[in-house]
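# Residue-level structure breakdown
Listed here are the chains, written in short residue letters.
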Amino acid sequence: MFTLYHSYWSRATRMLALIHELDIRDKVELVHVDLKRQDGSGAFDPRNPHPDHKVPALVHDGVTITESSAIMIYLCDLFPEAGVGVPLDHPDRGPYLAWLVYAVSVMEPVYNHHAAGLDHPILRATFRGVPEVEKRLIDTFADGRDYLLGDRFTAADLMVQSVYSWMREWAPKDDKVLAWIERGAARPSFAWAGEVDAKYAPAMA
Ligand SMILES: N[C@@H](CCC(=O)N[C@@H](CS)C(=O)NCC(=O)O)C(=O)O
């Protein structure tokens with residue numbers, strides 16, 4: 001059995017979408033936890049097994065797994081029949097892993113630095129910046145492909161697109177990249193994740 005610790009409008013939203021894509025909603029218990037949010041609201045939730053009190057966290061047979069990319073790779077490998085992951089022996093396995101890791105280890109820091117107004121030679125040397133992220137996406141879609149790896153949707157699309165879910169205005173102003181983001185947002189998994197979040201989110205004024 002799997003337990004997913006999530007919280008509304010967070011990095012766990014992409015994990016909700018993933019379990020819909022994998023068609024394993026009946027195998028995953030969802031536990032909504034409170035979080036300390038950047039607006040000062042919320043608090044650490046003692047039920048959350050994440051060592052830093054963050055989400056997402058997945059517990060599988062008593063083992064806690066953290067980090068969005070790790071959880072995505074783990075679940076996609078366990079449920080290959082859904083076709084959302086890329087198998088070990090497939091030539092796309094390397095690029096698939098690269099996008100999943102690039103999203104959280106480069107894109108998120110780059111946009112966080114951008115949001116915080118931080119620009120420093122060490123940060124640029126380590127992560128590069130927004131222009132490099134944008135160029136990578138624009139170059140990838142320049143050949144007219146529908147998804148990061150070609151003609152089929154994978155968890156890599158879900159992960160990379162999720163970076164723009166809460167920073168949509170920062171998506172590259174490129175028609176092909178924007179069409180790819182729209183394609184992802186039109187998936188039933190995206191709508192379902194939004195519905196789950198809406199059940200817990202405070203009422204909008
Ligand atoms: N690298 C982690 C980041 C997780 C993360 O920062 N989650 C945020 C929610 S978007 C959180 O739980 N924040 C609560 C806190 O910082 O205490 C991942 O991708 O899983």
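Keep in mind it's a predicted model, so treat the numbers as computed, not measured. (Residues numbered from 1 in each chain as written. Predicted model: local features only at pLDDT ≥ 70, side-chain atom pairs only at ≥ 80, totals over all residues.)

### Remarks on the overall build of the protein chain
So the rule is basically this: Starting at the N terminus, helices and strands are each numbered in turn, a helix being any DSSP run of H or I of at least four residues and a strand any DSSP run of E of at least two. In this description the radius of gyration comes from C-alpha coordinates, and the expected globular size is given by 2.2 Å times residues to the power 0.38. Any residue whose C-beta has 12 or fewer other C-beta atoms within 10 Å is treated as exposed, any with 20 or more as buried, and any in between as partly exposed, C-beta atoms being built from the backbone. Placing C-beta atoms from the backbone, we regard two residues as in contact once those atoms come within 7 Å.
A count of helices and strands for the protein chain gives eight helices and four strands. Listed N to C, the secondary structure of the protein chain is β-α-β-β-β-α-α-α-α-α-α-α in terms of helices and strands. By the compact-globule yardstick of 17 Å for 205 residues, the protein chain fits well, its C-alpha radius of gyration being 17 Å. Reported as C-alpha extents along the three principal axes, the dimensions of the protein chain are approximately 45 × 40 × 35 Å. A burial count over the protein chain gives 31% of its 205 residues as buried. Residue pairs in contact within the protein chain that sit at least 24 positions apart in sequence constitute 64% of those at least 6 positions apart.

### A look at the packing of helix α1 (residues 13-21) against helix α2 (residues 68-78)
The condition is simple: For helices, the axis comes from a line fit to the C-alpha atoms of the stretch in contact; other axes are also lines fit to C-alpha atoms, and the angle between any two N-to-C directions lies between 0 and 180 degrees. Angles below 35 degrees are treated as roughly parallel, those above 145 as roughly antiparallel, those between 65 and 115 as roughly perpendicular, and all remaining angles as oblique. Residue type decides the class: Asp, Glu, Lys and Arg count as charged, Ala, Val, Leu, Ile, Met, Phe, Trp, Tyr, Cys and Pro as nonpolar, and the leftover types, Gly among them, as polar.
The contact between α1 and α2 brings their axes to 11 Å, and the two run at 5°. With respect to α2, the axis of α1 lies roughly parallel. Residues Arg14, Met15 and Leu18 of α1 touch α2, and the partners they reach there are Ser68, Ile71, Met72 and Leu75. Of the residues in the contact of α1 with α2, the class split is five nonpolar, one polar and one charged.

### Some thoughts on the sheet that holds strand β1 (residues 2-6)
So the rule is basically this: When DSSP finds at least two bridges between two strands, those strands are taken to pair.
The four strands lie next to each other as β2-β1-β3-β4, forming an open sheet whose pairing is mixed. Edge positions in the sheet fall to β2 (28-32) and β4 (63-66), since each has one partner strand and no second. Strand after strand, the sheet turns through a mean of 20° between neighbouring axes, direction not considered. Pairing geometry for strand β3 (residues 57-60) and β4, over four bridges, is antiparallel. The residue bridging histidine 60 from the neighbouring strand is valine 63, located in β4.

### A look at the domain arrangement of the protein chain
Let me state the cut-off plainly: Domain extents, as shown, originate in an automatic or database domain assignment.
Domain boundaries assigned for the protein chain yield domain 1 (2-84 + 189-200) and domain 2 (93-187). A straight line from the C-alpha centre of domain 1 to that of domain 2 covers 21 Å. Every contact between the two is made by 13 residues of domain 1 and, on the other side, 12 residues of domain 2. Going through the elements one at a time, α1, α2 and α8 (188-200) are the ones with two or more residues in the side of domain 1 that touches domain 2. Among the residues making up the side of domain 1 that touches domain 2, the classes are represented as seven nonpolar, four polar and two charged.

### A closer look at the site of the ligand
Keep this limit in mind: Nearness is defined per residue: the C-beta atom, placed using the backbone, must lie within 6 Å of the molecule or strand.
In the vicinity of the ligand, the contacting residues are Ser10, Arg11, Leu35, Lys36, His53, Lys54, Val55, Pro56, Glu67, Ser68 and Val104. Residues of the shell around the ligand, tallied by class, amount to four nonpolar, three polar and four charged.

### Some details on the nonpolar core
Inside soluble globular proteins, nonpolar side chains tend to come together where they are buried. Let me state the cut-off plainly: One nonpolar core equals one set of buried Ala, Val, Leu, Ile, Met, Phe, Trp, Tyr and Cys residues connected by C-beta atoms within 7 Å.
Counting residues in hydrophobic clusters, the biggest one holds 42 residues, and the most contacted among them are Leu18, Met72, Trp99, Leu100, Ala155, Ala156 and Met159. Put simply, the parts of the chain that give this core at least two residues each are β1, α1, β3, α2, α3 (93-116), α5 (130-141), α6 (155-162) and α8. When residues of this core are assigned to their parent elements, the largest contribution, six residues, is made by α3. Taken together, domain 1 (2-84 + 189-200) and domain 2 (93-187) each give at least three residues to this core, which thus spans both. Residues within four places of methionine 159 in sequence aside, it is in contact with Arg14, Ser68, Ser69, Met72, Trp99, Leu100 and Ala103.

### Considerations on the packing of α3 against α6
Rules: By definition, any crossing whose near helix is turned counterclockwise from its far helix by less than a right angle is left-handed, and any crossing with a clockwise turn is right-handed.
In contact at an axis separation of 9 Å, α3 and α6 are set at 20° when each is read in the N-to-C sense. By the angle between their axes, α3 is roughly parallel relative to α6. For α3 against α6, the interelement crossing comes out left-handed. Here α3 contributes Tyr96, Trp99, Leu100 and Ala103 to the contact with α6, which in turn contributes Ala155, Ala156, Met159 and Val160. Residues that form the contact of α3 with α6 fall into these classes: eight nonpolar, no polar and no charged.

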